[in-house]
Structures are given as structure tokens and as C-alpha cells.
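Structural overview for review
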Amino acid sequence: MKIILADPCGFCYGVKRAVEIAEGAVNSLPAATLGPLIHNPQFTDELAAKGVGCKDSLDQFSEGETVIFRSHGVGPDIYEQAIEKNLKILDATCPNVKTSQRKAQQAFEEGYQPIIVGEKNHPEVKSILAFAGKNGIIIESKEDIGEVPLVSKYCVIIQTTFELAKFEEILQALQAARPGEYRVERTICLATKERQNAAAKLAAEVDAFIVIGGRNSANTRHLTELVSAICPRCYQIETAAELSPEMFQGCRKIGISAGASTPERIIKEAVKAMENMEINKVEGNEFEAMLDA
Ligand code: F3S
């Protein structure tokens, strides 16, 4: 049985950076993240065991404590409150999200109507909106266009993980309904798309597929849906403990991918567990784990 790892998969650059910053916070204890750093319960528990907890609001922090802002970013009001409380800030906002925040602020200061195209409840979108001045607006679909005020200058900023084709459709409808001068900031990050494309390509070549990631991780679920449509024998697991030889009975090639919030250690453990499975020993097949390729 051959095991092939989708390339790329797992942590994107922004999440990897945020994780490194949070792990480095063990030198600035007491410390906690503001909201879960990534949607992976094993990782959150490991971080807590090292002394870096997770708090939901700044009210729960005491003076002098270290607060870690996650990759989605936070609004200017949160920076101000943290400074007022004398907290030490470790800012793990993804540089791509910072760019979107800056563009939103600049648009507002230059008299444009900032429009953020993205999911209304997504923390990244909320953080960009918080930089867009008092007029900023979020639109998630063409149905929301009616809420956009009639002005002469618009600046459109996109959620980093938004689907490009859907965005182009919304933009076209927006420009038709609200004619004027447009500044379009194409702030989409390709990290998610690259992971999806790699998983989809691999799914077409294998007999079964394992997607590794937290059950509460939206991007892991999305990856599972995408792969299942191509390779119906697809299993989503959170850890290697959920793997069993029955899953791979009769398979010659197995694909693996992982959500953007799945730590490399968990991926490696799953690959190792598959390598050690009885079914493989019995059949004497050759393995090829490409984890370090
Ligand atoms: Fe940043 Fe892109 Fe990841 S915006 S957090 S590198 S998906």
C-alpha cells in the first residue's frame, strides 16, 4: 500500500507563524490567546499544558499579563484596551490580514466607502471592518448589495479565504447596482486554494483518502466535502487513534491531507500509524510516505 501526502497540506504560513508566536509566549507567562489560536483541541490542550491558556475577552486578563492576538487579527479598539490594561501584546495577526486592515483604514481616510466581501461572522472579516471607519460594510452575497449606500467612490476588500469566482460575481453585480469609481483590493490568499487543489488532484488518483483535522474546523470539513465528491472512500479523523486496518482493506493507494489548523505532529502520527498497520505487514506492500519530501 502506498501512502501519499497532498502537497501542500496542513498549516499555512500565517497559522504556522501564529503557532510559533504562541509557543514562544512560554517565556512571557502568564499568557493566553484571545480566542482559540487554531481550531484543534489537541493543540489547544498542549498549549495550555505549557502554561499558555485561551481567554474569550480582555476582561479576563489581569494587568501585566501577555495577550496573544491570533492570525485573524483584532480591531483597533482591542489594541487600545489591551494597552490601557497594561497588557503585553504578542501580535500574531497574519501579515496578509494586516494588509487588508491597512487598506480598509486607508480607504476610509481617503473618502472611499469601504466594502468588505466575506463571511459576516468570520473573525478576520470583523477585524478588517473594525479598521474601516464608521461607514464600513460587509457583504456576503449579491443579496446584501441593497445595503450598500449610494456614493461616488467605493473600495472593495476581500476576505483572504473567499472564493474568487463567487467574489467576481458579487463584484459585477455590485458595480451594476452601484456605479461609481472603484478601487478593488484583491486581498485573497492562495494558501487555502492551493491546499484544496492539491487534495482534489490526489483524490482522483487514490483508492481511499484520509483528511486529518479538528471536527470543529470549517476548513477541514470543507476539504473533506471536496475530497468525498471525488473519492467517496474518504474518512475525516482528528487523531491517529481513529485509524483502523478495515478502512484500507483492498486499497493500493491512500491519499492524506490535513486542514490548515492541523499540526504537523498529528499528521506524522497518522502516517506512522498507517505504516505500522497489520494489513500492510500481512500483504507485505511497500510504503511511501512523502511527509518529508
Ligand atoms: Fe494568512 Fe492566508 Fe493563512 S491569510 S492565516 S496565510 S490562509
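These numbers come from a predicted model, not from an experiment.

**With respect to the sheet that holds strand E10 (residues 208-212)**
Neighbouring strands of a sheet are bound in pairs by backbone hydrogen bonds; such pairs are parallel or else antiparallel. The parallel open sheet is built from 4 strands, whose spatial order is E1-E12-E10-E11. Whereas interior strands pair on both sides, the edge strands pair on one side only; in this sheet they are strand E1 (2-5) and strand E11 (234-237). On average, adjacent strands in this sheet sit at an angle of 20° to one another, irrespective of strand direction. Taken together, the 4 bridges between E1 and strand E12 (residues 253-258) define a ladder with parallel strand orientation. Bridge pairing in E12 links Leu-5 to Ile-256.

**Quick notes on the site of the ligand**
Around the ligand, the surrounding shell consists of Cys-12, Gly-14, Cys-94, Asn-96, Thr-160, Cys-189, Ala-191 and Thr-192. Here the residues of the shell around the ligand sort into 4 nonpolar, 4 polar and no charged.

**So, the packing of aromatic side chains**
Taken as a whole and judged by the stated rule, the model has 2 aromatic pairs. Ring geometry for Phe-69 and Tyr-79: centres 5.1 Å apart, planes at 80°, overall edge-to-face. Within this pair, whereas Phe-69 is found in strand E4 (residues 66-69), its partner Tyr-79 is found in helix H3 (residues 76-84), the two being separated by 10 residues in sequence. Each member of the pair, Phe-69 together with Tyr-79, is buried. The interplanar angle of 20° and the centroid separation of 5.0 Å between the aromatic rings of Tyr-154 and Tyr-182 together place this pair among those described as stacked. In this pair, Tyr-154 sits in strand E8 (residues 153-158) while Tyr-182 sits in strand E9 (residues 181-185), placing the two residues 28 residues apart along the sequence. On the accessibility criterion, Tyr-182 (17% relative accessible area) is buried. Geometry around Phe-61 places Lys-55 over its ring, the cationic atom sitting 4.9 Å from the centre. The ring of Tyr-112 has Arg-183 sitting right over it, with the charged end atom 4.3 Å from the ring centre.

Here is what the cut-offs are and how they apply
- Residues numbered from 1 in each chain as written.
- Predicted model: local features only at pLDDT ≥ 70, side-chain atom pairs only at ≥ 80, totals over all residues.
- Heavy atoms only, no water.
- Pairing = 2+ DSSP bridges.
- Helix = DSSP H or I, 4+ residues; strand = E, 2+ residues; numbered from the N terminus.
- Axes fitted to C-alpha atoms, helices over the stretch in contact; angles between N-to-C directions.
- Near = heavy atom within 4 Å.
- Nonpolar A, V, L, I, M, F, W, Y, C, P; charged D, E, K, R; others polar.
- Phe/Tyr/Trp six-rings, centres within 6.5 Å; stacked < 30°, edge-to-face > 60°.
- Buried < 20%, exposed > 50% of the residue type's maximum accessible area, 1.4 Å probe, protein only.
- Lys NZ or Arg CZ within 6 Å of the ring centre and 35° of its normal.

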